[in-house]
Amino acid sequence: MKQLSRKDKFYNEVGEAMSIGGRSFINIETLKVDIHAEEDYFSFGDIEDTAEEAIKYPDKFLRLEPISSADGFRTMEASLKL
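Residues numbered from 1 in each chain as written. Predicted model: local features only at pLDDT ≥ 70, side-chain atom pairs only at ≥ 80, totals over all residues. Heavy atoms only, no water.

**Student:** I keep staring at the pattern of salt bridges and nothing clicks. Help me out?
**Tutor:** Pairing of side chains with opposite charge becomes possible as their charged atoms draw close. On inspection of all chains with the given rule, the structure shows 3 salt bridges. Across the salt bridge formed by Asp 34 and Lys 32, the nearest N and O atoms sit 3.0 Å from each other. Since its relative accessible area comes to 10%, Asp 34 is described here as buried. Where Glu 65 meets Arg 63, a salt bridge forms, and the shortest distance between an N and an O atom there is 3.5 Å. (Salt bridge = Lys/Arg side-chain N within 4 Å of Asp/Glu carboxyl O. Buried < 20%, exposed > 50% of the residue type's maximum accessible area, 1.4 Å probe, protein only.)

**Student:** Before we go on, may I ask you to explain the sheet that holds strand E2 (residues 33-34) in this structure?
**Tutor:** Within a beta sheet, neighbouring strands are joined by backbone hydrogen bonds and run either parallel or antiparallel to one another. The strand order E2-E1-E3 describes an open sheet built from 3 strands, whose pairing is antiparallel. The open sheet has two free edges, formed respectively by E2 and strand E3 (61-64), since each of these has just one partner strand. Both strand E1 (residues 24-27) and E3 contribute to a ladder of 4 bridges, which runs antiparallel. What sits directly across from Asn 27, in E3, is Phe 61. (Pairing = 2+ DSSP bridges. Helix = DSSP H or I, 4+ residues; strand = E, 2+ residues; numbered from the N terminus.)

**Student:** Please explain the layout of surface pockets as it appears in this structure.
**Tutor:** One simple way to see leftover space: roll a probe sized like a water molecule over the atoms. Taken as a whole, the second largest pocket holds about 160 Å³ of empty space. Looking at the second largest pocket, the residues that line it are Arg 6, Lys 7, Lys 9, Phe 10, Glu 13, Thr 30, Leu 31 and Lys 32. A per-class count over the lining of the second largest pocket returns 2 nonpolar, 1 polar and 5 charged. (1 Å grid on protein atoms, 1.4 Å probe; cavity = no way out; pocket = protein on both sides within 12 Å on 5 of 7 lines; lining within 4 Å. Points joined across faces, edges and corners; volume = space filled by probe spheres on them. Nonpolar A, V, L, I, M, F, W, Y, C, P; charged D, E, K, R; others polar.)

**Student:** Would you mind showing me how to read the nonpolar core here?
**Tutor:** Most often, soluble globular proteins keep nonpolar side chains buried together rather than apart. Core analysis: the largest hydrophobic core is formed by 5 residues, namely Val 14, Ala 17, Ile 26, Val 33 and Leu 64. Residues in contact with Val 14, not counting those within four places in the same chain, are Ile 26, Val 33 and Leu 64. (Core = buried A, V, L, I, M, F, W, Y, C linked by side-chain atoms within 4.5 Å. Contact = heavy atoms within 4.5 Å.)

Pasting the structure below:
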């Protein structure tokens, strides 16, 4: 099986973050995707640190908005046509 490129891994992480719901962020400097499910937001450890940092430095983070399941299916369908 072919190993995914860094770009493909990034896209997969972004897609996962958008499909899970809750609040997730991309650190613009590192391109690290921090995924926080609804029940984990502000609850403990790294999750709390990332969320607080995103609030303090909004120009350093990009918030990922969750997408509906219908939009997710349309996106998957469109990607198969590429």
